[in-house]
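Residue-level structure breakdown
These are the residues of each chain, in order.
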2 protein chains.
Amino acid sequence: MHITGITRNAVELAADRISGYIRRTPVVEVEPGLLFKLEGLQHGGSFKVRGAFNRILASAPLPAAGVIAASGGNHGLAVAYAARTLGVRAEIFVPEVAAPVKIAGLRAFGADVVITGSIYAEALEAAQKRAADTGALEIHAYDQPEVAAGQGTIALELPEADTVLVAVGGGGLVAGVTAALDGRARVVAVEPARIPTLNAALAAGRPVRVEVSGVGADALGASILGEVAYQTVAGKVESVLITDDAIIEARRAMWRDYRIATEYAGAAALAALRSGAYVPSPGERVVVIVCGANTDPATLADG
Amino acid sequence: MHITGITRNAVELAADRISGYIRRTPVVEVEPGLLFKLEGLQHGGSFKVRGAFNRILASAPLPAAGVIAASGGNHGLAVAYAARTLGVRAEIFVPEVAAPVKIAGLRAFGADVVITGSIYAEALEAAQKRAADTGALEIHAYDQPEVAAGQGTIALELPEADTVLVAVGGGGLVAGVTAALDGRARVVAVEPARIPTLNAALAAGRPVRVEVSGVGADALGASILGEVAYQTVAGKVESVLITDDAIIEARRAMWRDYRIATEYAGAAALAALRSGAYVPSPGERVVVIVCGANTDPATLADG
C-alpha cells in the first residue's frame, strides 16, 4: 500500500467534523513572544481526543463491536471519552508501563481496559488481533490519516507565530500540525533523545525502530514513527532532541513559574527552549504546544 | 474620613498603568456557556499582582524603605513580585496560618518575610506599626482604592457574559470587578459560609467583624470587609455562601475534569455553581474567575 501524507484540507475537514465535540483550548502569552497552547485542558487531558473524534466520525456507520485502541494512556483516554460521548463501545489495550492515573481514567470513562505487554508495540499487536476477531474499528494512536488530521486541528486555533514547537511520539500531532500550518510557521519537532522516532527516521530516510526509555515513555513511547507522519513531515520540520533532565526541569518550571500542571510529554516542547536545543532569533514569536496534563500532581513540585 | 467606592474609570486608569507588567490570562469555555478566567497563570499565581502594581505605580516616588504588606500569602507574593520587578525593597508580614508553599515563594521573590500573629488581622497590625516606623509604603491586601482598582482590571479582559462569579475575602477583587463591569454583567459574590465578610456586611449595613475558619482561610481569611469594597458593591452584587465541602468538591473536579490546578479560594466561585448556591437560567453565559493557583499540588487529586 502506498501511503501519502495528509494535507491542510484534510485538517480543515476534520475541524468541521469535530468542532462540536472538543474544547477550543486557550493560548496564553506567558512572556513577550512566548505563547503556550494549553491543550491539557482538552477533554481527556490531551490533544488526542481530536484525532479520536475525527476517526470515529469519519468512519460511520460503526461496527456493532464499537472501537478498539492500544495506547500508552492518553490516546486510550481520548478514544474512551469520544466513544462514550458518541454512545459507542470502546475496548482499550494498554501496556504495563501506563501511568496508574491514566488506567483509572480509562475506567472512569467506561472503557473496557486490557493491560498487556511491556511496551506499546505489544499492546498494539494484541489490540489488532482482537479487532480482527470482533470487527471493531481500530483507532491507531497516530498512524492513520484521520487521526493525524484530527490532531492537526489544534494548529488551526493558534495565533500568528514564527515557530511552533511540538513534542513527537509516533508523529500524529506533528504530522497534523505540519499539514495544518502548511508553511505558515516553522515547525520544530521535539523528541526525548531516548525515544528518537522522528530523528532516526529522518536520518534513515524511512521510519525505523528505536529503543524506548525515559520519562517520556508513557506518553511519547512509540517505537517507530508512523508512515503517515513520515510522508507528511519529511523535509518540512526541524528535528531536535532533548535530555530527560531537560524535560524534568521544564515540567518543574511550568508549575513553579506559571502554575501549569503538565505531564512530562507536555513539558517536552518547552524543554527544547529552556535547554537551548532550539534557540529562537531575537523577536521570534514562538508557540509551545503543551500537549497533555495527565500526570500525578503530587510529583509536580519535585519534578 | 469619608470613603467612597471606586469607579470603572479608576479601573481603566489602572489597566493603562499596569499593562506592561501583567499577563493577560486566558479564558476558556469549558462547557457551553461556562467560561473560566484562568488567573492562576498570573505572575505570582493569583490576581493580586494587579493591585500591587497599581498601588506602587500610582504612588511614585516611593520612600527609600520600599513597600510593606501583610498577607495570608497571595497578596504578599504579589507585592514581592511587583517590588522585585520594579527594583523596590519589600517587607512582607504573614500570619502563622499561611501555606508553606507561599512563604517559600515569598522568599524566592526576594522579600523579607516576617511570620507573626495567628490570623491575618494580627499580621496586618504588626505591618502597620512597622510602616509607621520606617516610612515604607503600605500596600493593603484589599482596602485601598488603588488596590481594588488594580484587581478590577481582570474584568476588562473578559468576553461578554451575563454573570461573573467571583470569590470574596476582604473584597478587593469583587470591588474592582463590580466597578469595572458597571452593570454590564451580574456579579455574584461567593464566600465560604465560615468567612462571610461581605454577607455579614450587607446584613449589617456596614463592614462587621466575622470569625475566620475553614479551607478558605489562608487566601480568603479577612476578618472584615474593606470599606472601599462595601462602598463599591453594596446594592450591586448578589451574595451567596458555600460550604467548605462544596469548595473541596469543586477543587477536586477542576483537576479531574479540566486538569486545572487551583487553590481552595480559586475553586470557590465554581463551587457556587456546582453546589447549586447559584443557579444560572437556561442559556445564561457565566464566567467563573479562577483567582489563584498557589497550592500544594500533592493535594489536588484527593481534595
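Counting starts from 1 at the beginning of each chain's written sequence and moves along it residue by residue. Chains carry letters from A onward and ligands carry numbers from 1 onward, assigned in written order. Since the coordinates come from a predicted model, pLDDT governs what is reported: local features require at least 70, and pairs of side-chain atoms require 80 or more to be given and counted, while whole-chain, interface and lining totals use all residues. The basis for the side-chain values is all heavy atoms of the structure; hydrogens and waters are excluded.

In this text, helices come from DSSP runs of H or I with a minimum length of four residues, and strands from runs of E with a minimum of two, each type numbered from the N-terminal end. Within chain A, the regular secondary structure consists of twelve helices and ten strands. Atoms counted for the radius of gyration: C-alpha only. Globule rule: 2.2 Å times the number of residues to the power 0.38. Here chain A has a C-alpha radius of gyration of 17 Å; the compact-globule value for 303 residues is 19 Å, and the two agree. Seen through its principal axes, chain A has C-alpha atoms that stretch 55 × 40 × 40 Å. Here's how the labels work: a residue is buried when its accessible area is under 20% of the maximum for its type, exposed when over 50%, partly exposed in between, all with a 1.4 Å probe on protein chains only. Buried residues in chain A amount to 61% of all 303 residues. Whether two residues are in contact is decided by their heavy atoms: any pair within 4.5 Å suffices. Counted over contacts in chain A with a minimum sequence separation of 6, partners at least 24 positions apart contribute 68%. To be clear on the numbers: accessible area is Shrake-Rupley with a 1.4 Å probe, and residue cover counts the displayed protein chains and nothing else. If you sum the accessible surface of chain A, you get close to 10,800 Å²; carbon and sulfur atoms cover 50% of it. Residues scored as charged are limited to Lys and Arg (positive) and Asp and Glu (negative), so that His and the chain ends carry no count. Charge positions are represented by NZ for Lys, CZ for Arg, CG for Asp and CD for Glu. Put simply, chain A has 26 plus and 31 minus side-chain charges, and the middle of one group is 3 Å from the middle of the other.

All names here are of chain A. Strands sit in the order β5-β4-β3-β6 across an open sheet of four strands; the sheet is parallel. Looking at which strands have only one partner, the edges of the open sheet turn out to be β5 (112-115) and β6 (137-138). Two strands qualify as a pair provided that DSSP identifies no fewer than 2 bridges between them. Sheet topology note: the strand β3 (residues 67-70)/β6 ladder contains two bridges and is parallel. Bridge pairing links V67 to L137 in β6.

Here a pair means two rings of Phe, Tyr or Trp (six-membered ring of Trp) with centres within 6.5 Å. Their orientation is stacked below 30 degrees between planes, edge-to-face above 60, and tilted elsewhere. Considering all chains together, one arrives at eight aromatic pairs over all chains under this definition. Centre to centre, the rings of B:Y21 and B:F53 are 4.9 Å apart; their planes meet at 20 degrees, and the pair counts as stacked. Taken together, the positions of B:Y21 in the loop between α1 (8-18) and β1 (27-31) and B:F53 in helix α2 (residues 48-58) put the pair 32 residues apart, joining distant regions of the chain. Accessibility expressed as a relative area gives 31% for B:Y21, which makes it partly exposed. Among the residues examined, B:F53 registers a relative accessible area of 0% and is labelled buried. Judged by centre distance (6.1 Å) and plane angle (85 degrees), the rings of B:F53 and B:Y81 are edge-to-face. Of the two residues, B:F53 is situated in helix α2 and B:Y81 in helix α3 (residues 74-86); the sequence distance between them amounts to 28 residues. The burial state of B:F53 is the same as that of B:Y81; both residues are buried. Each member of the aromatic cluster is reached from another via a ring pair, and the members are A:Y21, A:F53, A:Y81 and A:F109. Lysine and arginine charges are scored as sitting over a ring when NZ or CZ, respectively, is within 6 Å of the ring centre and within 35 degrees of the ring normal. For the cation-ring pair, A:R251 lies above A:Y264, with the distance from its terminal atom to the ring centre recorded as 4.4 Å.

On to the nonpolar core. Here, nonpolar core means buried Ala, Val, Leu, Ile, Met, Phe, Trp, Tyr and Cys residues that are tied together by side-chain atoms lying within 4.5 Å of each other. Among the nonpolar cores identified, the biggest contains 134 residues, and A:F36 and B:F36 are the most heavily contacted of them. Not counting residues up to four positions away in its chain, the partners in contact with B:F36 are B:P26, B:V27, B:V28, B:V30, B:M254, B:Y258, B:I260, B:L270, B:V288 and B:V290.

We superpose the copies by least squares over the C-alpha atoms of residues that have a pLDDT of at least 70 in both of them. The two copies are related by a screw operation: chain B maps onto chain A through 180 degrees of rotation and 0.0 Å of translation along the axis, at an RMSD of 0.0 Å. Viewed as a symmetry operation, the transformation between the two copies matches a two-fold axis. Taking C-alpha positions as the reference, the residue of chain B nearest the rotation axis is B:A298, at 1.7 Å. Take the interface residues of chain B: 96% of them recur as interface residues in chain A, which is what a same-surface contact looks like.

All names here are of chain B. Taking strand neighbours across the sheet as the criterion, the four strands line up as β5-β4-β3-β6 in an open arrangement whose pairing is parallel. Each of the sheet's edge strands pairs with one partner strand only, and the pair in question is β5 (112-115) and β6 (137-138). Where strand β3 (residues 67-70) meets strand β4 (residues 90-94), four bridges bridge the pair, whose relative direction is parallel. Residue pairing for β4: A69 is matched across the bridge by I92. Here α3 sits on the sheet and contacts β3 and β4; the angle it forms with β4, its principal contact strand, is near 175 degrees. An axis is simply a line fitted to the C-alpha atoms; with a helix, the fit covers only the stretch in contact. Between two such axes, the angle follows the N-to-C directions and lies from 0 to 180 degrees.

Residues and elements named next belong to chain A. For the pair helix α3 (residues 74-86) and helix α4 (residues 100-108), the least separation of the axes is 9 Å and the interaxial angle reads 10 degrees. Overall, the two elements α3 and α4 adopt an arrangement that is roughly parallel. Contacts between α3 and α4 involve N74, G76, L77, A80 and R84 from the former and K102, G105, L106 and A108 from the latter. Of the residues belonging to the contact of α3 with α4, the class tally is four nonpolar, three polar and two charged. Relative orientations are named as follows: roughly parallel for angles under 35 degrees, roughly antiparallel for angles over 145 degrees, roughly perpendicular for angles from 65 to 115 degrees, and oblique for any other angle. Polarity classes work like this: nonpolar for Ala, Val, Leu, Ile, Met, Phe, Trp, Tyr, Cys and Pro, charged for Asp, Glu, Lys and Arg, and polar for all others, with Gly in that last group.

This part takes up the pattern of salt bridges. All names here are of chain B. Should a side-chain nitrogen of Lys or Arg be within 4 Å of a carboxyl oxygen of Asp or Glu, the pair is scored as a salt bridge. Per the counting criterion, the structure on display carries 30 salt bridges over all chains. The closest approach of N and O atoms between R50 and E39, which form a salt bridge, is 2.6 Å. Note that R50 is positioned in helix α2 and E39 in the loop between β2 (34-38) and α2, a separation of eleven residues in sequence. Taken individually, R50 and E39 each receive the classification buried, so the pair is uniform in this respect. Between R89 and E91 there is a salt bridge, and its shortest N-O distance comes to 4.0 Å. Judged by relative accessible area, which is 9%, E91 ranks as buried.

Residue and element names in this part refer to chain B. Exposure remark for Y81: the relative accessible area of 12% places this residue in the buried category. Along the sequence, Y81 and G183 sit 102 residues apart, while their C-alpha atoms lie 32 Å from each other. The residues contacting Y81, other than those within four sequence positions of it, are H43, V49, F53 and F109.

What follows concerns the interface of chain B and chain A. Taken residue by residue, the interface counts 28 residues in chain B and 27 residues in chain A. Each of two parts loses accessible area, computed with a 1.4 Å probe, when they are put together; buried area is these two losses added. Taken together, both faces of the contact between chain B and chain A bury some 1,900 Å²; the carbon and sulfur share is 62%. Area buried by chain B at its contact with chain A is led by B:R23, B:R259 and B:P297, which between them contribute 32% of it. At the boundary of chain B with chain A, the tally comes to two salt bridges. Listing elements by their share of the side of chain B that touches chain A, those giving two or more residues are β1 and α11 (244-258) of chain B. If you tally residues by element for the side of chain B that touches chain A, the top one is β1(B), at five residues. When grouped by side-chain class, the residues that make up the side of chain B that touches chain A number 16 nonpolar, six polar and six charged.

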